[in-house]
Amino acid sequence: LLLVGLSIFATASLYYIAMAMTSVSTAVMLMYTAPVYVLFLSVLFLGERLSRLKLFSVALMLLGCCFVSGIIGDLRFDLFGLLAGAASGVTYALYNIFVKLSVRHKNDPVSVSMYAFLAMTLAALPFIGVVAAVVIALWIIRKIRRRKNV
């Protein structure tokens, strides 16, 4: 259950860093690549089958995310931001896998969620000021870079 909480804490932190370094649409698109990772992690660790329908669904999901988010015309290249966004997708996928494993071990889904968010809160406490300061600093740096490019 601790891994569930830590993975959702990592997802949120990386997601906000990605938003500060790229754009909201880019960060959203990268975080919601999680179903791609879930698909492959489920095959590797949960013994689920990979089907053409699942692959086709993931391909359509990615295409839809590109169109809806506006990423096709609004990609801002910042390597650290893109890596943080991709990592938020991976950690969100891990969160889903850990929850599924916890429920498979006869844990109540509501209890899993409660303990996960408790673990997330405890993991976040030492970093609340640090994460906020980093996100604000990255946002300011991005604004300064944009003004220099204008």
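Above this text sits the structure in question.
Residues numbered from 1 in each chain as written. Predicted model: local features only at pLDDT ≥ 70, side-chain atom pairs only at ≥ 80, totals over all residues. Heavy atoms only, no water.

Caption draft 1: Quick peek at the pattern of salt bridges. Under the counting rule described, the total for this entry stands at one salt bridge. Here Lys100 ties to Glu48 by a salt bridge, and the two come within 2.4 Å at their closest N and O atoms. Taken together, the residues Lys100 in helix 6 (residues 79-104) and Glu48 in the loop between helix 3 (34-45) and helix 4 (52-69) connect sequence positions 52 residues apart. Residue Glu48 is classed as partly exposed on the basis of its relative accessible area of 25%. (Salt bridge = Lys/Arg side-chain N within 4 Å of Asp/Glu carboxyl O. Helix = DSSP H or I, 4+ residues; strand = E, 2+ residues; numbered from the N terminus. Buried < 20%, exposed > 50% of the residue type's maximum accessible area, 1.4 Å probe, protein only.)

Caption draft 2: Representation of unusual backbone geometry in the model. At Lys106, a position not held by glycine, the phi torsion is positive, near 70°. You can see Lys106 is positioned in the loop between helix 6 and helix 7 (109-124).

Caption draft 3: Summary view of the nonpolar core. Ranked by size, the top nonpolar core spans 11 residues in total: Tyr15, Ile17, Ala18, Met19, Ala20, Met21, Ala27, Met31, Ala84, Val135 and Leu138. Residue assignment for this core shows that the elements contributing at least two residues are helix 1 (2-21), helix 2 (24-31) and helix 8 (128-149). Ranked by residue count, the leading element in this core is helix 1, at six residues. Excluding residues that lie within four positions of it along the chain, Ala27 makes contacts with Tyr15, Ala18, Met19 and Thr22. In terms of nonpolar packing, the next biggest core, distinct from the first, is built from eight residues, Val4, Tyr95, Ala116 and Ala123 among them. (Core = buried A, V, L, I, M, F, W, Y, C linked by side-chain atoms within 4.5 Å. Contact = heavy atoms within 4.5 Å.)

Caption draft 4: Seen up close, the environment of Ser7. By the element assignment, Ser7 lies in helix 1. Accessibility expressed as a relative area gives 6% for Ser7, which makes it buried. Residues Ser7 and Leu94, 87 residues apart in the sequence, show an inter-C-alpha distance of 6.5 Å. The contacts of Ser7, once residues within four sequence positions are left out, are Thr91, Leu94, Tyr95 and Phe98. A distance of 2.8 Å separates a polar atom in the side chain of Ser7 from the backbone oxygen of Val4. (Polar contact = N/O pair within 3.5 Å; in protein donor to acceptor, adjacent residues only side chain to side chain.)

Caption draft 5: Structural detail: the environment of Ser102. Note on placement: Ser102 falls in helix 6. C-alpha of Ser102 to C-alpha of Lys54: the two residues are 48 residues apart in sequence and 23 Å apart in space. In contact with Ser102, not counting residues within four places along its chain, are Leu1, Val4, Asn107 and Val112.

Caption draft 6: Quick look at a nonpolar patch on the surface. Nonpolar side chains collect at one region of the surface, where Leu1, Met114, Tyr115, Leu118, Leu122, Leu125 and Ile128 lie side by side and expose about 700 Å² of accessible area between them. Top element by residues in the nonpolar patch is helix 7. It accounts for four residues. Its relative accessible area of 52% is what places Leu122 among the exposed residues. (Patch = residues over 30% accessible without salt bridge, like charges linked within 9 Å, V, L, I, M, F, W, Y side chains within 5 Å. Areas by Shrake-Rupley, 256 points an atom, 1.4 Å probe, with all protein chains shown as cover.)

Caption draft 7: Looking closely at the packing of aromatic side chains. Under the criterion given, the structure shown has three aromatic pairs. Arranged with centres 6.1 Å apart and planes meeting at 5°, the rings of Tyr92 and Tyr95 form a pair that is stacked. Of this pair, Tyr92 and Tyr95 both sit in helix 6, separated by three residues, roughly a single helical turn. A connected cluster of aromatic rings, assembled from ring pairs, spans Tyr32, Tyr92 and Tyr95. (Phe/Tyr/Trp six-rings, centres within 6.5 Å; stacked < 30°, edge-to-face > 60°.)

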